[in-house]
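Reading the structure
Read off the chains here:
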Amino acid sequence: MRKKIFYVYNPHTLSYERVFPSLRKRIFTALRHLILGFTLGILFFFVFYYFVDPPRERLLKQENDKIEAQYKILSKRLDQLLKVMADIQQRDDNLYRVILQADPIDASVRNAGIGNMTRYTELMKLNDADLVVSTTRKLDQLARQVYVQSNSLDELVKLGQTQEDRLKCIPAIQPVSNKDLKRTASGYGLRIDPIYKTRKFHEGMDFAAETGTPVYATGNGKVAEAGWKQGYGNSVLINHGYGYQTRYAHMSKILVRPGQEIKRGEEIGLVGSTGKSTGPHLHYEVIYKGKHDNPINYYFFDLSPEDYDRMVQIASNQGMVMD
Ligand SMILES: [Zn+2]
């Protein structure tokens, strides 16, 4: 390495003169420069740090403000969505689920896990912790509720589909055309037996009609029995599913065969007076889960409430049972 050479300017001679400083003097000079530079450096650092907002910092701060404003907007929009959601949930519980006979969904299920604050501990360390945590919570809450609601609707769609089929199958009309109810002869319950004159339980409803009057299936189903049956004469038994069966007795003619699929309103036979009968009439039974039920409760598709009341009165008439 080359040895360093020092010069000093001499104002008298107006020239540079070479000097040979001692080692001590050279170390001292170097130290003095070092300390001066160091002090100036620190000074500048503090001046800049405290008095001048460096551009990068300023940008970050602006960005931060924007994010905060955006968070506030998000939070408000989430509030609105949660309100809409609450409305949907209320309709779901009080209307749809009631109509389709499903239990309302408990609030604890709809809001499961939302109260748990430990999941937000990481967010708590942030500057705007409250805003960020509350917004995140709202979002979690909404996500949970949307999920539960969506499941509920899926369930209701399925229920709605089976309900539709159920409504097509269960007995819901009268088995003979009976517009003015004049054909209603006798109802279900304890009656005097027309032949033995003893008190006997009448398991169906009688419709007085001329021989040859069409008899209609009262709901969709499948013919289980079609033929002669002791007491019932020419009779048909239809399986409707969902626990329901209907029987049509004393017919003059049967128009269906066992195993045949039947739609509501389809003609299955003609009124007659076969079997144990005192005159042309249709004896109609509704059987639910193996037990006879009062057919008067199964005409809701073609009876107005007023007609229903009249029919109840006529059917309770004790003297006209035709068996
Ligand atoms: Zn009868």
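Conventions adopted
- Residues numbered from 1 in each chain as written.
- Predicted model: local features only at pLDDT ≥ 70, side-chain atom pairs only at ≥ 80, totals over all residues.
- Heavy atoms only, no water.
- Pairing = 2+ DSSP bridges.
- Helix = DSSP H or I, 4+ residues; strand = E, 2+ residues; numbered from the N terminus.
- Buried < 20%, exposed > 50% of the residue type's maximum accessible area, 1.4 Å probe, protein only.
- Axes fitted to C-alpha atoms, helices over the stretch in contact; angles between N-to-C directions.
- Parallel < 35°, antiparallel > 145°, perpendicular 65-115°, else oblique.
- Left-handed = near helix turned anticlockwise from the far one by under 90°.
- Nonpolar A, V, L, I, M, F, W, Y, C, P; charged D, E, K, R; others polar.
- Phe/Tyr/Trp six-rings, centres within 6.5 Å; stacked < 30°, edge-to-face > 60°.
- Lys NZ or Arg CZ within 6 Å of the ring centre and 35° of its normal.
- Donors = N, O, S within 2.8 Å, 3.2 Å for Na, K, Ca; no water.
- Tetrahedral: all angles 85-135°; square planar, octahedral: opposite > 155°, others 65-115°.
- pLDDT = per-residue confidence, 0-100.
- UniProt positions renumbered as here; feature names shortened; annotations may be inferred.
- Polar contact = N/O pair within 3.5 Å; in protein donor to acceptor, adjacent residues only side chain to side chain.

The name given to the chain in an unreviewed UniProt entry is M23 family metallopeptidase, with the source organism recorded as Coprobacter tertius.

What follows deals with the pairing of strand E1 (residues 6-10). Bridging between E1 and strand E2 (residues 15-19) involves five bridges; their strand directions are antiparallel. Considered in E2, the bridge of Tyr7 is made with Arg18. Count of turn residues in the E1/E2 antiparallel hairpin: four residues, of which Leu14 carries a positive phi of about 55°.

For the rest of this paragraph, the subject is unusual backbone geometry. We note that Tyr242 has phi near 55°; this positive angle belongs to a residue other than glycine. Along the chain, Tyr242 turns up in the loop between strand E9 (233-241) and strand E10 (244-251). On the basis of relative accessibility, which here comes to 35%, the residue Tyr242 falls in the partly exposed class.

Okay, the packing of helix H2 (residues 55-99) against helix H5 (residues 129-169) next. Interaxial distance between H2 and H5 falls to 9 Å at its minimum, and their mutual angle equals 25°. Our classification of the angle between H2 and H5 gives roughly parallel. Viewed along their axes, H2 and H5 form a crossing whose handedness is left-handed. The class makeup of the residues in the contact of H2 with H5 is 16 nonpolar, eight polar and seven charged.

Moving on, we come to the packing of aromatic side chains. Where two aromatic rings form a pair, the distance of their centres and the angle of their planes describe that pair. Within the structure shown, the criterion is met by nine aromatic pairs. When the centroid spacing of 5.2 Å and the interplanar angle of 90° are considered together, the rings of Tyr188 and Phe201 count as edge-to-face. In this pair, Tyr188 is assigned in the loop between strand E3 (184-186) and strand E4 (189-192) and Phe201 in strand E5 (residues 199-202), connecting sequence segments 13 residues apart. When the ring of Tyr244 is compared with that of Tyr298, the centres are 5.7 Å apart and the planes differ by 70°; the resulting orientation is edge-to-face. One end of the pair, Tyr244, is in strand E10; the other, Tyr298, is in the loop between strand E15 (291-293) and helix H6 (305-315), with 54 residues separating them in the sequence. Tyr298 carries the same exposure label as Tyr244, and that label is buried. In this structure an aromatic cluster arises from ring pairing among Phe207, Tyr248, Tyr284 and Tyr299. In this structure, Arg247 packs its charged tip against the face of Tyr232, placed 4.5 Å from the ring centre.

Coordination of the zinc ion by the protein is provided by His202 (NE2), Asp206 (OD), His283 (ND1) and Asp323 (O), with metal-donor distances spanning 1.9 to 2.6 Å. Coordination geometry of the zinc ion: the four donor atoms subtend angles of 92 to 143° at the metal centre, consistent with an arrangement described as irregular. Counting the intervening residues between successive donors of the zinc ion yields the motif H-x3-D-x76-H-x39-D. You can see His202 sitting in strand E5 and its partner Asp323 sitting in the segment after H6, a full 121 residues away along the chain. Comparing His202 with Asp323, the two get one shared label, buried.

Moving on, we get to the confidence of the model for the chain. Taken residue by residue, the chain gives an average pLDDT of 86. The fraction at 70 or more is 96%. The secondary structure element of the chain with the lowest average pLDDT is helix H4 (residues 121-124), at 76, and the one with the highest is strand E11 (residues 253-254), at 98.

This next bit is on the sheet that holds E11. An order of E7-E13-E11 is seen for the three strands of this open sheet, with the pairing classed as antiparallel. Looking at which strands have only one partner, the edges of the open sheet turn out to be strand E7 (214-216) and E11. Bridge analysis of E11 against strand E13 (residues 267-270) gives two bridges, and the strand direction is antiparallel. Bridge pairing in E13 links Lys253 to Leu270.

Moving on, we get to the UniProt feature "coiled-coil region" (unreviewed entry) in the chain. In this structure's numbering, the residues bearing the UniProt feature "coiled-coil region" (unreviewed entry) are residues 57-91. The span residues 57-91 shows a helical share of 100% and a strand share of 0%, and its end C-alpha atoms are spaced 51 Å apart.

The subject of this paragraph is the side chain of His250. Along the chain, the position of His250 falls in strand E10. Looking at His250, the relative accessible area reads 2%, which means it is buried. Separated by 3.0 Å, the side chain of His250 and the backbone oxygen of Asp323 make a polar contact.

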